[in-house]
Amino acid sequence: QVQLVESGGGLVQAGGSLRLSCAASGRTFSSYTMGWFRQAPGKEREFVAAITGWSGTYNTVYADSVKGRFTISRDNAKNTVYLQMNSLKPEDTAVYYCAADKDLNFVAPIFPTSYDYWGQGTQVTVSS
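Residues numbered from 1 in each chain as written. Predicted model: local features only at pLDDT ≥ 70, side-chain atom pairs only at ≥ 80, totals over all residues. Heavy atoms only, no water.

**Looking at the packing of aromatic side chains**
For the record, the criterion: Only Phe, Tyr and Trp rings are paired, with Trp represented by its six-membered ring, and only when their centres lie within 6.5 Å; those with planes under 30 degrees apart are stacked, over 60 edge-to-face, the remainder tilted. In this text, helices come from DSSP runs of H or I with a minimum length of four residues, and strands from runs of E with a minimum of two, each type numbered from the N-terminal end. With a 1.4 Å probe rolled over the protein chains alone, any residue whose accessible area is under 20% of its type maximum counts as buried; one over 50% counts as exposed, and the rest are partly exposed. To sit over a ring, a charge needs its Lys NZ or Arg CZ within 6 Å of the ring centre and within 35 degrees of the ring normal.
Applying the stated criterion to the full structure yields six aromatic pairs. Their ring planes at 75° and their centres at 5.6 Å tell us that Phe 37 and Phe 47 sit as a pair that is edge-to-face. Taken as a pair, Phe 37 in strand S4 (residues 33–39) and Phe 47 in strand S5 (residues 46–51) lie far apart in primary sequence, 10 residues in all. Judged by relative accessible area, Phe 37 falls into the buried class, the value being 0%. An aromatic cluster is defined as three or more aromatic residues linked by ring pairs; in this entry it consists of Phe 37, Phe 47, Tyr 115 and Trp 118. Sitting above the plane of the Phe 29 ring, Arg 74 keeps its charged end 4.5 Å from the centroid.

Okay, here's the thing in structure tokens:
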């Protein structure tokens, strides 16, 4: 069983930055694909970014809406995945969730059903 705990959310003005962290339990973290999703009130959960496990390199993928503004990264020594969010917009306001997929490489990273474990979420609010 893997437990995921997100942190780093908060209130920020448009144009500002936040860095989310997701700390994972378990000794196989480095082999998991990790993803970030978000869910705004009244909307479905949507994909934000994902990063593969370590196989000599990492691959990343981003939603078009965040490409160039958000960066996903991971520190396997700390069992932590990060989401650096820059140039935030009011439409980025949502609860952000971290998720873990037991597959090393991307299978279908944009779909929530691809992930085996989820965190409880952290609120990000961007004011205009």
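**Some details on the side chain of Arg 69**
Just so we agree on the cut-off: Any pair of nitrogen or oxygen atoms within 3.5 Å is treated as a polar contact; in protein, a donor-acceptor pairing is required on top of that, and neighbouring residues in sequence qualify only through side-chain atoms on both sides. The criterion used for residue contact is that any of the two residues' heavy atoms lie within 4.5 Å.
Relative to the assigned elements, Arg 69 resides in the loop between strand S6 (60–62) and strand S7 (70–75). At 2.9 Å, the side chain of Arg 69 forms a polar contact with the backbone oxygen of Ser 65. Setting aside its immediate chain neighbours within four residues, Arg 69 contacts Gln 84, Met 85, Asn 86, Ser 87, Leu 88, Lys 89 and Asp 92.

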